[in-house]
Amino acid sequence: MSEKSKNKEVILKGIAASPGVAHGKAFVYLQARLDVPCYEIKNGVEAEMERLEQAILETREQITEVKNKIAASLGEGEARIFDAHLLVLEDAALIEEVSNEVRNSGKNVEYCYNNVAERYISFFSSMEDDYLKERVSDIQDVSSRLLKNLLGHHKVGIGELAENSIIVSEDITPSDAADLDRNKLLAFITDGGGQTSHSVIMARSLRIPAVVGLHDATSTLQTGDEIVVDGFEGLVVIHPSDERLYQYGKLAEERRQRDQLYATVLPGPGVTTDGESLLLMANVEGAHEMDAVRSMHADGIGLFRTEGIFLRHHGYPSEDTQYMEYSAVAEASHGQPVIIRTLDIGGDKTLEANAEDESFMGLRAIRFCLENRDIFKTQLRAILRASAHGNLKLMYPMISGLDELRRANEILAEVKDELRSEGKFFDEAIEVGAMVEVPSAATIIDLLARDTDFLSIGTNDLIQYLMAVDRLNDRVAHLYEPTHPAVLRTLKAIIEGGQKVGTPVSICGEIAGDPIYASLLLGMGAHSLSLTPAMLPEVKYFICNMSAADARALVTEVLALEDPVEILERLRAFHGTVCQSFPAA
Ligand code: PEP
Ligand code: MG
């Protein structure tokens, strides 16, 4: 009996989040809380302190290794955070306190270390000083690393994957994603999550399949299990049979042929069969994606999510670090427009420093920036200085009303004055736009369109707020319906609101990268779509093979329908007519 025939095939059904098929080995990644045992020591205090010393040595090696890796891939500036970690690790006062606690309590060293670390954490958390407050995350990081070593948990970190791994996790946060070795990752699957969580957005940008909302994948699977991830249908096949592998092989071949077909339209403009053009721009998170942008012949950057830089940095990068990254993107764009979105932190994109606010309705994006003027001003200075190197435009996320727009613009004006007086160059006429992703902004679109140079609809958030469906919660994911009549009417109203006063309206949420919606958005009159570069060929192919007149007729037709499922079917059918030339499966 072969190895394979011993294991029965099992299929798990979840939510299809990022298309594609991957075949590889599961790597179960649990962000489990550490269970720190407490017991009376038997071998004396010295033996316990020796164990601590050993664990410190081991931890120092690990931190230094990560530091060197980050310095090589992202630069010395980004690696500096690990110097702070080494200082915490070797802090003499902390070690002495642990030693005293072991001596006085007679308890094991991990228990005492944990107690001391927790005292430090609560002490620093209560500080007024922001710098001292930020030390909390350093202590948390170092103490959990050290405790793992003391407890002998030599679990592989998410950044140390084996080749051809498929991550199986409860969830993947954007900060986990920042640590991933993307060359070894084939796919990921999660117990929780929704279709527009930022880790899923990352999967789409890397063109790796993802299935989310599987509920119990982490308990069903074990590291090393052979699995197939089907990101088209939202399936995970454990111990796939030879026949199943053959079927998926065929699908992959078909996909490869389609990709070749899509690529044929790339060098030309995005123009419909009846001559209407639609700009196809790229969503990026940093300068490292500019090669992909160029190879996909994007018409510029429609959304530069700057928080990626902050997450990779595990904190707030300096003005110069930001300036260099923004300038690199501006220069690599060779005069094409680059829309830089100011920091959209909060929700599922938390830094250790603002980890207490994980709510999508909390102190997120522009709200956070208006409360943290120094962080905001640093970013605005960096963006303005980078505007001297290309065609940059600036965009505020999550604007909910005119007052926020006005306050953000006041700070921008202040920063411009400062730069002028310092003799620093920047684009005086830099265009300023707002994202429309909060329902209140959609309702006052006439006012926002009047006071901005451009608008961009963030459908990921707009749909979540309009439908009151948390974009991360798999239990309500079925209610996250881009084809709900309320969504369609709102999109139409926003686009028309912009058109009335000549303010261009783009779409930059995930539906802009899904060819099913291309006809709808084009037919409604969107000025451009901004999408992950990986999806650009497919969407462009559909644009180039459809007629704008047909797309407009389709919009009229679906706006008269009441049922989201019927509307989706109608869009699929329209899309299907363009697919007829595809190679057979
Ligand atoms: C959106 O909300 O659609 C958007 C593009 O912003 P993000 O996904 O980064 O929240
Ligand atoms: Mg958003």
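Bear in mind that the values here come from a model prediction, so they are computed numbers and not experimental data.

Calculation criteria
Residues numbered from 1 in each chain as written. Chains lettered and ligands numbered in written order. Predicted model: local features only at pLDDT ≥ 70, side-chain atom pairs only at ≥ 80, totals over all residues. Heavy atoms only, no water. Donors = N, O, S within 2.8 Å, 3.2 Å for Na, K, Ca; no water. Helix = DSSP H or I, 4+ residues; strand = E, 2+ residues; numbered from the N terminus. Buried < 20%, exposed > 50% of the residue type's maximum accessible area, 1.4 Å probe, protein only. Salt bridge = Lys/Arg side-chain N within 4 Å of Asp/Glu carboxyl O. Domains from an automatic or database assignment. Contact = heavy atoms within 4.5 Å. Buried area = accessible area lost by both parts, 1.4 Å probe. Polar contact = N/O pair within 3.5 Å; in protein donor to acceptor, adjacent residues only side chain to side chain. Core = buried A, V, L, I, M, F, W, Y, C linked by side-chain atoms within 4.5 Å.

Undergrad: Describe in detail the coordination of the magnesium ion (ligand 2), supporting the description with residues and values.
TA: By definition of the ideal shapes, a tetrahedral metal site with four donors has angles of 109.5 degrees and an octahedral site with six donors has angles of 90 or 180 degrees. At the metal site, the magnesium ion (ligand 2) is ligated by Glu437 (OE) and Asp461 (OD), and these contacts range over 2.0 to 2.1 Å. You can see glutamate 437 sitting in the loop between β13 (431-436) and α18 (439-443) and its partner aspartate 461 sitting in helix α20 (residues 459-467), a full 24 residues away along the chain. We classify aspartate 461 as buried; its relative accessible area is 2%.

Undergrad: I'd love a proper account of the pattern of salt bridges, names of residues and values included.
TA: Counting across every chain of the model gives 40 salt bridges. With its nearest N and O atoms 3.0 Å apart, the salt bridge here joins lysine 377 to glutamate 414. Highlighted residues: lysine 377 in helix α16 (residues 373-386) and glutamate 414 in helix α17 (residues 402-421), separated in sequence by 37 residues. Lysine 377 sits in the buried class, given a relative accessible area of 16%. Residue glutamate 414 is classed as partly exposed on the basis of its relative accessible area, which comes to 31%.

Undergrad: Pulling in residues and values, what's your account of the domain arrangement of the chain?
TA: On domain assignment, one finds that the chain holds domain 1 (3-32 + 157-241), domain 2 (45-151) and domain 3 (270-440 + 504-578). Spacing between the C-alpha centres of domain 1 and domain 3 amounts to 28 Å. Taken together, the contact between domain 1 and domain 3 spans eleven residues of the former and 13 residues of the latter. Taking both sides of the interface into account, the surface hidden between domain 1 and domain 3 amounts to around 1200 Å²; carbon and sulfur atoms contribute 56%. Our enumeration of links across domain 1 and domain 3 arrives at one salt bridge. A salt bridge links glutamate 510 to arginine 204, with the shortest nitrogen-to-oxygen separation between them at 2.3 Å. Remark: the boundary between domain 1 and domain 3 carries one residue pair in polar contact (both at pLDDT 80 or more). Listed by contribution, the elements that provide at least two residues to the side of domain 1 that touches domain 3 are α8 (174-179) and α9 (198-206).

Undergrad: How would you summarise the nonpolar core if you had to cite specific residues and measurements?
TA: By size, the foremost hydrophobic cluster in this structure holds 100 residues, and its most contacted members are Ile301, Phe304, Tyr326, Phe376, Tyr396 and Leu529. The contacts of isoleucine 301, once residues within four sequence positions are left out, are Met281, Ala282, Val284, Met290, Val293, Val329, Ser333, Pro337, Val338 and Ile339. Within the second largest apolar cluster, 28 residues are counted, among which are Ile41, Leu52, Ala55 and Leu86.

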